[in-house]
Amino acid sequence: MIRDITFGQFFPAKSVVHALDPRTKLILVVAYIVLVFIGNNFLCLGLAAAFLILATALSKVPPKLMLRSTRPILFVIAFTAILNLLYIKGDVLLFEWGFVQIYDKGVFTAVFMAIRIILAVLGSSLLTYTTSPTDLTDGLERLMSPLKVLHLPVHEFALMMTIALRFIPTLIEETDKIMSAQKARGADLETGGLVKRVKALVPILIPLFVSSFRRAFDLATAMECRCYHGGEGRTRMKKLQMHGRDAWAFGITALVLGGIIAASILLPPVF
């Protein structure tokens, strides 16, 4: 399970999606998540899925790597689906056993919500796969630059978010190493009741916290040694600039968004 967490990883490749301006990708991901959640029928989700498949094909990110990002949330998807199956009532009763009653509308809603969550997660993963941490920091800072009028530390906030995102794979790898080391020492992490499993996590969490604080302290020391004092007076080696491909990306997204809005209005909703 630890190895299946791919959020925050960058997949280097030469593709149209990689070459897009990071501001464009951030705006498009937010727009994509919005259009996924405003769609209220399966045609809307079909349009969103087709758009995501096109973006994934253009990004040259392996589909197997994309699908791996959904494994850590399978429990959330299954739990959401079970709740919809049990609590959503409809016109046709499909199954009944004791107090458990499953209706047709419950099945449709469960499948719909599962697909919606998967599409949202895959869209967010595509952003981190195709955008380096440096570009992500620059894009976030430029998008939030109007907040400087309110005297908010925009640069520091963007840097903090990007560093946190960047260290997710590092912490996952560190956790996997600690778990392997504890298992080699005879620790039982997979059997027993809930209380026993929670207690078994203590030898993992303590070294992980110590390692995380040490890594953060080393990073802060390195930044101070390089005379880092925030965004004041800083210059950029690479200036962000939008091109024609960004306009095409916005145009295609606008068409998909229009199609989803039209389908939501013209077709009956799932729930």
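The structure displayed is predicted, hence computed values, not measured ones.

**Describing the pairing of strand β1 (residues 93-97)**
Here's step 1: Pairing analysis gives 4 bridges linking β1 to strand β2 (residues 100-103), with the strands arranged antiparallel. Within the sheet, the bridge partner assigned to W97 lies in β2 and is V100.

**Re the pattern of salt bridges**
Here's step 1: Here the structure, examined in full by the defined rule, presents 2 salt bridges.
Here's step 2: With a closest N to O distance of 2.9 Å, R23 and D21 form a salt bridge. Judged on exposure class, the residue R23 and its partner D21 are both buried.
Here's step 3: The closest approach of N and O atoms between E174 and R215, which form a salt bridge, is 3.2 Å. Of this pair, E174 sits in helix α8 (residues 154-184) while R215 sits in helix α10 (residues 202-225), and the two are 41 residues apart along the sequence.

**Considerations on unusual backbone geometry**
Here's step 1: Positive phi values are uncommon outside glycine, yet K60 reaches one of about 65°.
Here's step 2: By the secondary structure assignment, K60 is in the loop between α3 (42-59) and α4 (63-68).
Here's step 3: Note on K60: relative accessible area 54%, which makes it exposed.

**Let's talk about the packing of helix α2 (residues 22-38) against helix α6 (residues 104-130)**
Here's step 1: Where α2 meets α6, the closest approach of the two axes is 9 Å, and the angle between their N-to-C directions is 175°. Classed by the angle they form, the pair α2 and α6 counts as roughly antiparallel. Taking contact as the criterion, the partners of K25, L26, V29, Y32, I33, V36 and F37 in α2 are, on α6, R116, L119, A120, G123, S124, L127 and T130.

**Overview of the nonpolar core**
Here's step 1: Ranked by size, the top nonpolar core spans 22 residues in total, and within it Y32, A48 and L119 carry the most contacts.
Here's step 2: Looking at this core, the elements with two or more residues in it are α2, α3, α4, α6 and α11 (244-266).
Here's step 3: Residue contacts for Y32: discarding those within four places in its chain leaves A48, A49, F51, L52, L119 and G123.
Here's step 4: Ranked by size, the runner-up nonpolar core spans 9 residues in total, among them V29, L136, M144 and A158.

Thresholds, definitions, all that
- Residues numbered from 1 in each chain as written.
- Predicted model: local features only at pLDDT ≥ 70, side-chain atom pairs only at ≥ 80, totals over all residues.
- Heavy atoms only, no water.
- Pairing = 2+ DSSP bridges.
- Helix = DSSP H or I, 4+ residues; strand = E, 2+ residues; numbered from the N terminus.
- Salt bridge = Lys/Arg side-chain N within 4 Å of Asp/Glu carboxyl O.
- Buried < 20%, exposed > 50% of the residue type's maximum accessible area, 1.4 Å probe, protein only.
- Axes fitted to C-alpha atoms, helices over the stretch in contact; angles between N-to-C directions.
- Parallel < 35°, antiparallel > 145°, perpendicular 65-115°, else oblique.
- Contact = heavy atoms within 4.5 Å.
- Core = buried A, V, L, I, M, F, W, Y, C linked by side-chain atoms within 4.5 Å.

These figures come from the coordinates and say nothing about function on their own.
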